[in-house]
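A closer look at the structure
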Amino acid sequence: MRIDLHTHSRASDGTQTPAELIRAAHAAGLDVVAITDHDTTEGWAEAAKAAEEVGIALVRGIEISTKLDGLSVHLLAYLPDPTYTPLLEGLQKVLDGRNARLPAILAKLRELGFDLDVEDVRRVAGETAAIGRPHVADALIAKGFLRDRDQAFSELLSAGRPAYVQRYAAPLNEMLRIVAEAGGVSVVAHPWGRHDPGPMGEEGLARLQEIGLSGVEVDHQDHDSQARDELRGIASNLGLVATGSSDHHGAGKSGHDLGCNTTDPDEYARLLELAAAAAARSERRTPEVLVP
Ligand code: AMP
Ligand code: MN
Ligand code: MN
Ligand code: MN
């Protein structure tokens, strides 16, 4: 059984529609795929329809932008009730932060000689609620200013580059509680991806586990083999679920092909058990895993 628990569609910053993403996951030989767009559940319905058509198990998730001690932490929330008001409000604040950041990025770009307006970005971004830097990159590419998203990030958009602008992210502790109340389970995405372990070392993860964290994404392209081994050891010590996934973004991010990392079926089964327990405790109506 091949399981990929972290992918993006055009509902956020992937380049495939949710239906295209699900068909590609099926074509890549996956048995289970999670759709985890940034800060939105907008892609879920279309993905569910496509999953039923092609016959692949779909896990509905969200990759939520959070912060812990000023550090950005991406939280994968699986199978929460998407109608739970505190969750909706929490996500809306993040989405508002994304919208507020866009004009600020464009102002910086204009000073640097890249003349783009909000409409240029909206045009390439389509319907997404989660407008982000990759869409700004796509607009720069469409105007012929740059080659690809990689160049846009390394020269302009990454932290420390001249067009970088911060945005709001939800407090991690609060979001862990909200996801649990919504009947979902939480997994930290690429915990050692962009920084040293810091607050995501064994002690930090143990503290987060006490307030509702269920797992860590171990096998991710941002982790080298040593990081994976260490993190797997910590997950095993603490009894956290260890996941693996592609973080696929369609053509938007190279080296993240569907199924390039996968989740062990036993770990997946544990995650589903924890999700079922969280759903029962919450008494919310949570999404089922669509099994073909
Ligand atoms: P944002 O969500 O607007 O803060 O932008 C962050 C997103 O940009 C991440 O979710 C990544 O998917 C994407 N990203 C970061 N670096 C790169 C890169 N070098 N190439 C393509 N996409 C990137
Ligand atoms: Mn992304
Ligand atoms: Mn991420
Ligand atoms: Mn991601």
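This text goes with the structure placed above it.
Let me begin by describing the structure that accompanies this report. (Residues numbered from 1 in each chain as written. Chains lettered and ligands numbered in written order. Predicted model: local features only at pLDDT ≥ 70, side-chain atom pairs only at ≥ 80, totals over all residues. Heavy atoms only, no water.)

Observations regarding the coordination of the manganese ion (ligand 2)
Within the protein, Asp13 (OD), His38 (NE2) and His249 (NE2) serve as the donor atoms for the manganese ion (ligand 2), at 2.2 Å. Sequence spacing of the donor residues for the manganese ion (ligand 2), all on one chain, is D-x24-H-x210-H. The two metals, the manganese ion (ligand 2) and the manganese ion (ligand 3), are separated by 5.8 Å. Of this pair, aspartate 13 sits in the loop between strand S1 (3-4) and helix H1 (18-27) while histidine 249 is found in the loop between strand S8 (241-244) and helix H10 (265-282), placing the two residues 236 residues apart along the sequence. (Donors = N, O, S within 2.8 Å, 3.2 Å for Na, K, Ca; no water. Helix = DSSP H or I, 4+ residues; strand = E, 2+ residues; numbered from the N terminus.)

With respect to the pairing of strand S7 (residues 213-219)
When you tally the buried positions in S7, you get 7 out of 7 residues, the bulk of the element. Of the strand pairs in this sheet, strand S6 (residues 185-188) and S7 are connected by 3 bridges, and their pairing is parallel. By the bridge assignment, valine 188 is partnered in S7 with valine 216. Summarising the sheet, S7 and S8 pair through 4 bridges and their orientation is parallel. Bridge pairing in S8 links valine 216 to alanine 242. With respect to chirality, the unit in which S7 leads through helix H9 (residues 225-238) into the neighbouring parallel S8 is right-handed. (Buried < 20%, exposed > 50% of the residue type's maximum accessible area, 1.4 Å probe, protein only. Pairing = 2+ DSSP bridges. Right-handed = clockwise from strand over helix to strand, strands pointing away.)

Considerations on the site of ligand 1
Taken together, the neighbourhood of ligand 1 is formed by 14 residues, with His38, Arg101, Arg133, Asp150 and His249 sitting nearest. Here histidine 249 contributes a side-chain N or O atom positioned 2.8 Å from an oxygen atom of ligand 1. Coverage of ligand 1 by the protein amounts to 86% of the 500 Å² it exposes when considered alone. The cavity where ligand 1 resides is the largest pocket. Of all the elements in the fold, those that place two or more residues in the shell around ligand 1 are helix H3 (85-111), helix H5 (133-142) and helix H6 (149-157). Per-element tally for the shell around ligand 1: the top contributor is H6, with 3 residues. Here the shell around ligand 1 is composed, by residue class, of 2 nonpolar, 4 polar and 8 charged. (Near = heavy atom within 4 Å. Polar contact = N/O pair within 3.5 Å; in protein donor to acceptor, adjacent residues only side chain to side chain. Areas by Shrake-Rupley, 256 points an atom, 1.4 Å probe, with all protein chains shown as cover. 1 Å grid on protein atoms, 1.4 Å probe; cavity = no way out; pocket = protein on both sides within 12 Å on 5 of 7 lines; lining within 4 Å. Sits in = over half its atoms within 2 Å of the grid points. Nonpolar A, V, L, I, M, F, W, Y, C, P; charged D, E, K, R; others polar.)

Regarding the packing of aromatic side chains
Both the distance between ring centres and the angle between the ring planes are used here to describe each pair of aromatic rings. Tallied over the full model, the rule gives 1 aromatic pair. Aromatic side chains phenylalanine 114 and phenylalanine 145 sit 5.3 Å apart centroid to centroid with 85° between the ring planes, which places their arrangement in the edge-to-face category. Here the residue phenylalanine 114 occupies a position in the loop between H3 and helix H4 (118-125), and phenylalanine 145 occupies one in the loop between H5 and H6, the gap between them amounting to 31 residues. Residue phenylalanine 114 is classed as buried on the basis of its relative accessible area of 17%. (Phe/Tyr/Trp six-rings, centres within 6.5 Å; stacked < 30°, edge-to-face > 60°.)

Structural notes on the layout of surface pockets
Space inside the largest pocket adds up to approximately 1300 Å³. Lining the largest pocket are 46 residues, and of these Ser72, His74, Arg133, Phe153 and Arg194 sit closest to its centre. Breaking the lining of the largest pocket down by element, the ones donating at least two residues are strand S3 (57-68), strand S4 (71-78), H3, H5 and H6. Residues belonging to the lining of the largest pocket are distributed by class as follows: 16 nonpolar, 16 polar and 14 charged. A volume near 180 Å³ is recorded for the second largest pocket. Surrounding the second largest pocket, Arg10, Ala11, Thr17, Pro18, Glu42, Gly43, Glu46, Ala125, Gly126, Glu127, Thr128 and Ala129 form its lining. A class-by-class count of the residues in the lining of the second largest pocket yields 4 nonpolar, 4 polar and 4 charged. (Points joined across faces, edges and corners; volume = space filled by probe spheres on them.)

A short note on the nonpolar core
One finds Ile64, Leu87, Met200 and Leu205 to be the most contacted residues of the largest nonpolar core, which totals 46 residues. Setting aside residues no more than four positions away along its own chain, leucine 205 makes contact with Pro199, Met200, Leu213, Val216, Leu231, Ile234, Leu238 and Leu240. Listed in part, the 19 residues of the second largest apolar core include Leu106, Leu109, Leu116 and Ala152. (Core = buried A, V, L, I, M, F, W, Y, C linked by side-chain atoms within 4.5 Å. Contact = heavy atoms within 4.5 Å.)

Thoughts on H4
Listed in full, the buried residues belonging to H4 are Asp120, Val121 and Ala125. Down the axis, H4 shows its buried residues gathered within 125° of arc, on one side only. H4 presents Glu119 and Arg123 as exposed residues on the side facing more than 90 degrees away from its buried surface. Check the buried side of H4 and you find it contacts H3 and H5. Positioned one or two residues after H4, glycine 126 has a phi angle of 65°, which is positive. (Arc of directions from axis to C-beta.)

Observations concerning the pairing of S4
Among the 8 residues that make up S4, 6 are buried, leaving the element largely enclosed by the rest of the structure. The sheet contact formed by S3 and S4 spans 8 bridges and is antiparallel. From the neighbouring strand, serine 65 faces S4, where its bridge partner is histidine 74. The loop that links S3 with its antiparallel partner S4 comprises 2 residues; one of these, aspartate 69, has a positive phi angle of about 50°. Note: S4 against S6, 4 bridges, orientation antiparallel. Residue leucine 75 lies in a different strand from S6, and its bridge partner there is valine 188.

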